[in-house]
Amino acid sequence: MNTFKVSVQETSNNAIIKFEINAFITKHQSFEFNNIDDAKQSPLAQQLFYLPFVKKVYISGNFIAVERYNIVEWHEVQDEVAEQIEAYLNDGGIVIEETAQAKKVPVTVYAESTPNPSVMKFVANKKIVTALFEFTSIDDAKLSPLATELFHFPFVKSVFIDENYVSITKYNMAEWQDITIELREFIRSYIENGKDVVLPHAAETLKKSTKQLDSQYESLDDTSKEIINILEEYVKPAVASDGGNIQFISYDAESKNVSVLLQGACSGCPSSTYTLKSGIENMLKEMMKGKVETVEAING
């Protein structure tokens, strides 16, 4: 079974292409190699240096960035390189030897308040997951070693993890001014030590892998797809900046009702349930005239 999928991402430097992977291939560490001798501790980087146009290889988290010499253009070779990396990973190839010294990149985490007074957002300076996850109890968190450890703090009620941040919902027994520094330092140290935020197979087990999500999307009717596209473009970015997420659940053509799930900071927020529901409802009614009448918001 092919676990790894590689996609090509352009960068602001036309000599450099990022090959993004749907899973982490280093433990939040970064490595830079300037030539094949320099890459002795990375069999994958060494293999890439056999390509005559490869000038430099940078491996970090869930991507590989490759700088080329000017003897080729990326559009001529990028798909072939992506296929080579994908095949190497799926054949169980070693990315970095365990003895390799990582390029030291300090991990910083800052705390950010959200519209929900029970939720604080802890933002890291690097990507920590490739999909979003929500855990509402320690039993629920078996696939996330980080969430499991956070639940050992008695004041942690739920944990929401997205690209580069962790949103924590607290019980009323504690005040943020008493626990924020402790949580921020715990999360920073955890990431810096290269521990698994979620287990490697977590996204697939929870049916959150890119392939599974694409398959679920393709199985929907056209109206549901249109609703999802509107939510992705107009709603999710703003919601994510507040430490939460909104997820499409279903659309009923007869009642013209849309059901959405509120997660992270949005879940249980005194104001967001009404604000989001009415805001999304007005937007969908306007953009999809005659197809949507009501929106039902469910707390995660």
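Conventions used here
Residues numbered from 1 in each chain as written. Predicted model: local features only at pLDDT ≥ 70, side-chain atom pairs only at ≥ 80, totals over all residues. Heavy atoms only, no water. Pairing = 2+ DSSP bridges. Helix = DSSP H or I, 4+ residues; strand = E, 2+ residues; numbered from the N terminus. Axes fitted to C-alpha atoms, helices over the stretch in contact; angles between N-to-C directions. Buried < 20%, exposed > 50% of the residue type's maximum accessible area, 1.4 Å probe, protein only. Salt bridge = Lys/Arg side-chain N within 4 Å of Asp/Glu carboxyl O. Phe/Tyr/Trp six-rings, centres within 6.5 Å; stacked < 30°, edge-to-face > 60°. Lys NZ or Arg CZ within 6 Å of the ring centre and 35° of its normal. Contact = heavy atoms within 4.5 Å.

**Q** Looking at this structure, I do not really get the sheet that holds strand β2 (residues 16–21). What am I missing?
**A** Within a sheet, adjacent strands bond to each other through the backbone by hydrogen bonds, running parallel or antiparallel. Spatially, β1-β2-β5-β4-β3 is the arrangement adopted by the five strands of the open sheet, whose pairing is antiparallel. Every interior strand has two partners, whereas the edge strands, β1 (6–10) and β3 (30–33), have only one. Across this sheet, the average inter-strand angle for adjacent strands is 20 degrees, counted without regard to direction. Sheet topology places strand β4 (residues 54–60) next to strand β5 (residues 63–68); six bridges connect them, and they run antiparallel. Bridging across to β5, Val57 finds its partner in Val66.

**Q** Would you mind going over the pairing of β5 with me for this structure?
**A** On a regular strand, each side chain points to the face opposite its neighbour's, so the side chains alternate between the two faces of the sheet. Summarising burial for β5: six of the six residues are buried, a large majority. In β5, alternate side chains face the same way, and those of Phe63, Ala65 and Glu67 on one face and Ile64, Val66 and Arg68 on the other are all buried. With five bridges connecting them, β2 and β5 associate as antiparallel partners. Following the sheet pairing, Glu20 is matched in β5 by Phe63. The turn linking β4 back onto β5 is made up of two residues, and Gly61 within it adopts a positive phi angle of 55 degrees.

**Q** Sorry if this is basic, but what is going on with the pattern of salt bridges here?
**A** A side chain with one charge can pair with a side chain of the opposite charge if their charged atoms come near. In the structure shown here, the tally under the stated rule is 11 salt bridges. Ionic pairing is found between Glu32 and Lys56, a salt bridge with its closest N-O pair at 3.8 Å. Separated by 24 residues along the polypeptide, Glu32 in strand β3 and Lys56 in strand β4 bring together distant segments of the chain. The exposure class of Glu32 is partly exposed, given its relative accessible area of 31%. Residue Glu286 is joined to Lys289 by a salt bridge in which the shortest nitrogen-to-oxygen separation is 2.9 Å. The class for Lys289 is exposed, based on a relative accessible area of 59%. Shared partners join several salt bridges into a network, and the residues in it are Glu185, Arg188 and Glu192.

**Q** Would you mind showing me how to read the packing of aromatic side chains here?
**A** Two descriptors summarise a pair of aromatic rings, namely the distance from one centre to the other and the angle between the planes of the rings. Across all of its chains, the model carries nine aromatic pairs by this definition. Of the aromatic side chains, those joined through ring pairs into one cluster are Phe153, Phe155, Phe186 and Tyr190. Seen from the ring of Phe63, Lys18 lies directly overhead, with NZ or CZ sitting 4.3 Å from the centre.

**Q** Looking at this model, I keep getting lost on the sheet that holds strand β9 (residues 156–162). Mind explaining?
**A** Taken together, the five strands give an open sheet; going across it, the order is β6-β7-β10-β9-β8, and neighbouring strands pair in antiparallel fashion. Both outer strands of the open sheet, β6 (109–113) and β8 (133–135), are each paired with one neighbouring strand and no more. Sheet twist, expressed as the mean angle between neighbouring strand axes with direction ignored, is 20 degrees. Across the sheet, helix α4 (residues 176–192) is in contact with β6, β7 (119–124), β9 and β10 (165–170); its angle to β7 comes to roughly 30 degrees.

**Q** Help me out: how do you make sense of unusual backbone geometry in this one?
**A** The phi angle at Lys256 is positive, at roughly 60 degrees, despite the residue not being glycine. Here Lys256 is to be found in the loop between β11 (244–252) and β12 (257–264). Its relative accessible area of 29% is what places Lys256 among the partly exposed residues.

**Q** Mind showing me how you'd approach the environment of Ala265 here?
**A** Relative to the helices and strands, Ala265 is located in the loop between β12 and α8 (272–287). Those residues in contact with Ala265 that sit more than four places away from it in its chain are Thr114, Asn116, Val119, Asp242, Gly243 and Gly244.

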